[in-house]
Amino acid sequence: MIPLPLARIAEITSGALSGMADPRAVVRGPVVIDSRDAEPGSLFVAFKGAQVDGHDYAAQAVRAGAVAVLASRPVEVPTIVVPDTTAALAELATAQAAALPRATVIGVTGSAGKTTTKDLLARLTSRIGPTIAPAGNYNNEIGHPLTVLKADADTRYLVLELSARTIGNIADLARIAPPEIGVVLNVGTAHIGVFGGKEAIAKAKGELVEALPPTGVAVLNADDPLVRAMAARTEARVTYFGRGEDAAIRAEELTVDERGRASFSLRTPSGAAPVRLKLYGAHAVDNALAAAAAGYELGLPVATIAAELSQAEPRSRWRMEVTDRPDGVTVVNDAYNANPDSMRAAFEALGVLGQGRRRFAVIASLRELGEDGPALNAEVGRLAGGSGLAGLIVAGPDAGPMLEGARAAAQEAAQSAQTGGPAPGTVIVHVPDAQAAAAELRSWLRPGDVVLIKGPRAMGLERTAELLLGGATQ
């Protein structure tokens, strides 16, 4: 971050110094919310959560070198006391973003693929200047300002991921670091129960393009009608990416290899270049095209964009991590999160990667789907049960609709094959948690098998992958 004395931080956040805080003491960063991350020169922000109160760890942070604590009540160390630490963190990040002399802010949003696209785009911008991007998916009212506060006077690009849990969230995040380029990937069914419908989700995602200045660029998915319609909501110039001929940045001659990795010709207004992705799943093509479109708007040559996309490997954990065990079992860890759209993409990738092999999957009931939850979970169950798996494990609570859908689809597949009973080798079971799923799989898997692990974040199914891989994923 740009160094600031405590007196200036107190002024920005409308805070008051306490605990014998020296107003001239300078915070040089980082700004942290975990006392274990504190280091000399840092600022510790204390949040009071449902189970843990950061104020209890203020002294520990200062002992580790934090200059002071940003807190909502006085503690017995140098402190800036503010009415609301979340609001104060946003105010501090807003002031820092305004002070960045040369940074171009790029925002990425969408129902799926934000983190992968952000990672690819950050790789591209790093070719032309110092880049700050969030680790993982720091994309909410806490992670977003923390990422902005990592920037300093040398930063040329801020590649930010913006998420929404309700209308207005993205607009609030965009005010912290106003974007000049806004990338909208898709409008899907993630959090549909919170929003109440895809049109409301589109309204929320479109807040990103509404925040762009007339001199900015909106990078929109031409293949998604709800995203394409966002062109009417911005004064910025619009460019499209996609797979159709009307997209300025598009994929031509698309093929997918036996491991589910896509190759294509990246077509731009100034020429084309071949891309061979190391990322798994055909859905990665859309993420690559979105990153390419933003990179092209920044002036990167198409050959450079294609080369960087071809070299990119997953940077954020538990997203289509494919690991081959020594015995030939392939574990696909896509356990970071799940929604109906990402479930479909994951099973499509499994179908390619597992061609000619016994395939298994571990899934769990999806959350935040509102009154459509039972129907959508049953639909995902039908997708899994009808995909030719040798075995399916549904883990965790509220599994009824998913299990019913899976069993119905498996029975239909069996009848279609005229076997008169369960499809040969098909097993569908319910287990309580990630550890039980791993135990069940150990009794099933043989050399050469492939297993997909995919579920909502709350289930922690990455633990299943870790257990299958001997304790840690790559």
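In this text the structure is predicted, and so the values were computed from the model without any measurement. Within each chain, residue numbers correspond to sequence positions counted from 1 in written order. Local features in a predicted model are, by the rule used here, given only for residues with pLDDT of at least 70; side-chain atom pairs are given and counted only at 80 or more, and totals for whole chains, interfaces and linings are based on all residues. Water and hydrogen atoms play no part in the side-chain values, which are based on all heavy atoms of the structure.

Asks: Explanation requested: the overall build of the protein chain in the structure shown.
Replies: Of the regular secondary structure elements, the protein chain holds 17 helices and 22 strands. All radius of gyration figures rest on C-alpha atoms, and the globule criterion is 2.2 Å times the number of residues raised to 0.38. Its C-alpha atoms give the protein chain a radius of gyration of 24 Å, near enough to 23 Å, the size a compact globule of 474 residues would have. Based on the C-alpha atoms only, the size of the protein chain along its principal axes is roughly 80 × 55 × 45 Å. For the protein chain, buried positions account for 55% of its 474 residues. Throughout, a contact is declared for two residues whenever any of their heavy atoms are within 4.5 Å. When contacts within the protein chain are restricted to residue pairs at least 6 apart in sequence, those whose partners lie at least 24 apart make up 65%. Note on areas: Shrake-Rupley, 1.4 Å probe, and residue coverage restricted to the protein chains presented here. Roughly 19,400 Å² of accessible area belongs to the protein chain as shown, and the carbon and sulfur atoms make up 50% of that amount. Charge convention: Lys and Arg are scored as positive, Asp and Glu as negative, and His as well as the terminal groups of each chain are ignored. By convention, charge coordinates are those of NZ in Lys, CZ in Arg, CG in Asp, or CD in Glu. The positive charge centre, built from 45 side chains, and the negative charge centre, built from 51, are 4 Å apart in the protein chain. Numbering of helices and strands runs from the N terminus, with a helix taken as a DSSP run of H or I at least four residues long and a strand as a DSSP run of E at least two residues long. Type-normalised accessible area, obtained with a 1.4 Å probe on protein chains alone, sets the label of each residue: buried when under 20%, exposed when over 50%, and partly exposed for intermediate values.

Asks: Is there a simple way to explain the sheet that holds strand E20 (residues 391-395) in this structure?
Replies: Working definition: the strands of a sheet are paired by backbone hydrogen bonds and lie parallel or antiparallel to each other. The mixed open sheet is built from six strands, whose spatial order is E17-E18-E22-E19-E20-E21. On the outer flanks of this sheet lie strand E17 (321-324) and strand E21 (427-431), each paired with one strand and no other. Pairwise comparison of adjacent strand axes, ignoring direction, gives a mean angle of 15 degrees for this sheet. For two strands to pair, DSSP has to find at least two bridges joining them. As judged from the four bridges shared by strand E18 (residues 330-333) and strand E22 (residues 450-453), these two strands associate in the parallel manner. Paired with Val332 across the strands is Leu452, a residue of E22. Angles here are taken between N-to-C directions and fall from 0 to 180 degrees, while the axes themselves are lines fitted to C-alpha atoms, restricted in helices to the stretch in contact.

Asks: Please clarify how the sheet that holds strand E6 (residues 68-71) should be interpreted in this entry.
Replies: With respect to topology, five strands assemble into an open sheet ordered E2-E7-E6-E5-E4, the strand pairing being mixed. In this open sheet, the two strands that pair with only one neighbour each are strand E2 (16-18) and strand E4 (31-32). Relative to strand E5 (residues 43-45), E4 runs parallel, the two sharing two bridges. Each bridged residue has a counterpart across the sheet, and for Val31 the counterpart in E5 is Leu43. Sheet contacts for helix H3 (residues 85-99): E4, E5 and E6; angle to E6, the most-contacted strand, approximately 120 degrees.

Asks: For this particular structure, what's the right way to read the packing of aromatic side chains?
Replies: The geometry of an aromatic ring pair is captured by two quantities: the separation of the ring centres and the angle between the planes. Any Phe, Tyr or Trp ring, taking Trp's six-membered ring, that has another such ring centre within 6.5 Å forms a pair; planes under 30 degrees apart are called stacked, those over 60 apart edge-to-face, and the others tilted. The tally for this structure, following the rule as stated, stands at one aromatic pair. Between the aromatic rings of Phe360 and Trp444, the centroid separation amounts to 5.7 Å while the plane-to-plane angle is 35 degrees, which identifies the pairing as tilted. Separated by 84 residues along the polypeptide, Phe360 in strand E19 (residues 359-364) and Trp444 in helix H16 (residues 434-444) bring together distant segments of the chain. Residue classification places Phe360 among the buried residues on the basis of a relative accessible area of 2%. Directly above the ring of Tyr240 sits Arg228, whose terminal nitrogen or CZ lies 4.5 Å from the centroid. For a lysine, the NZ atom is tested; for an arginine, the CZ atom; a charge sits over a ring if that atom is within 6 Å of the ring centre and within 35 degrees of the ring normal. We note Arg319 situated over the ring of Tyr336; from NZ or CZ to the ring centre the distance is 3.9 Å.

Asks: Just to check I follow, could you spell out helix H4 (residues 114-125) for this structure?
Replies: Count 3.6 residues to each turn of an α-helix, and residues three or four apart come out pointing the same way. Between the first and last residue of a helix there are one fewer steps than residues, each counted as 1.5 Å, and that sum is the expected span. Over its 12 residues, H4 extends 16 Å from the first C-alpha to the last, a length consistent with the 16 Å expected when each residue adds 1.5 Å. Within H4, 10 of the 12 residues are buried, leaving the element largely enclosed by the surrounding structure. Lys114, Thr115, Thr117, Lys118, Asp119, Leu120, Leu121, Ala122, Leu124 and Thr125 are the residues of H4 that are buried.

Asks: Just to check I follow, could you spell out the pattern of salt bridges for this structure?
Replies: Side-chain pairs of opposite charge can arise whenever the charged atoms involved come near each other. The term salt bridge refers to a side-chain nitrogen of Lys or Arg lying within 4 Å of a carboxyl oxygen of Asp or Glu. The full count for this structure, using the stated rule, is 28 salt bridges. For Lys48, the salt bridge identified is with Asp53, shortest N-O distance 3.9 Å. Under the relative-accessibility criterion, Asp53 is labelled buried at 9%. For Arg325, the salt bridge identified is with Asp327, shortest N-O distance 2.8 Å. Within this structure, Lys48, Asp53, Asp56 and Arg73 form a network of salt bridges that share partners.

Asks: Even after reading the chapter, I still don't get the packing of helix H1 (residues 6-13) against H3, so can you show me in this structure?
Replies: Between two packed helices, both the angle of their axes relative to each other and the distance between the axes serve to describe the pair. Between H1 and H3, the shortest axis-to-axis distance is 8 Å and the interhelical angle comes to 110 degrees. By the angle between their directions, the pair H1 and H3 is classed as roughly perpendicular. When the axes of H1 and H3 are compared, the crossing they make is right-handed. Every residue of H3 that contacts H1 at Ile9, Ile12 and Thr13 is listed here: Ala88, Glu91, Leu92 and Ala95. Throughout this description, any angle smaller than 35 degrees is read as roughly parallel, any larger than 145 degrees as roughly antiparallel, any in the 65 to 115 degree range as roughly perpendicular, and the remainder as oblique. Here a crossing is taken to be left-handed if its near helix is turned anticlockwise relative to the far helix by less than a right angle, and right-handed if that turn runs clockwise.

Asks: Looking at this structure, I do not really get the pairing of strand E16 (residues 271-280). What am I missing?
Replies: Bridging between strand E15 (residues 261-268) and E16 involves seven bridges; their strand directions are antiparallel. Note that in E16 the partner of Leu266 across the bridge is Ala273. Connecting the antiparallel pair E15 and E16 is a turn made up of two residues.

Asks: Got a minute to help me understand the packing of H4 against helix H12 (residues 302-311) in this structure?
Replies: Remark: H4 packs on H12, axes separated minimally by 10 Å, with the N-to-C direction vectors making an angle of 130 degrees. Considering the angle they form, H4 stands oblique to H12. Relative to H12, H4 is oriented so that their crossing is right-handed. Contact with H4, carried on its side by Leu120, Arg123 and Leu124, involves Ile305, Glu308, Leu309 and Gln311 of H12 and no other residues of that element. Gly is placed with the polar residues, together with every amino acid not listed as nonpolar (Ala, Val, Leu, Ile, Met, Phe, Trp, Tyr, Cys and Pro) or charged (Asp, Glu, Lys and Arg). Here the residues of the contact of H4 with H12 sort into four nonpolar, one polar and two charged.

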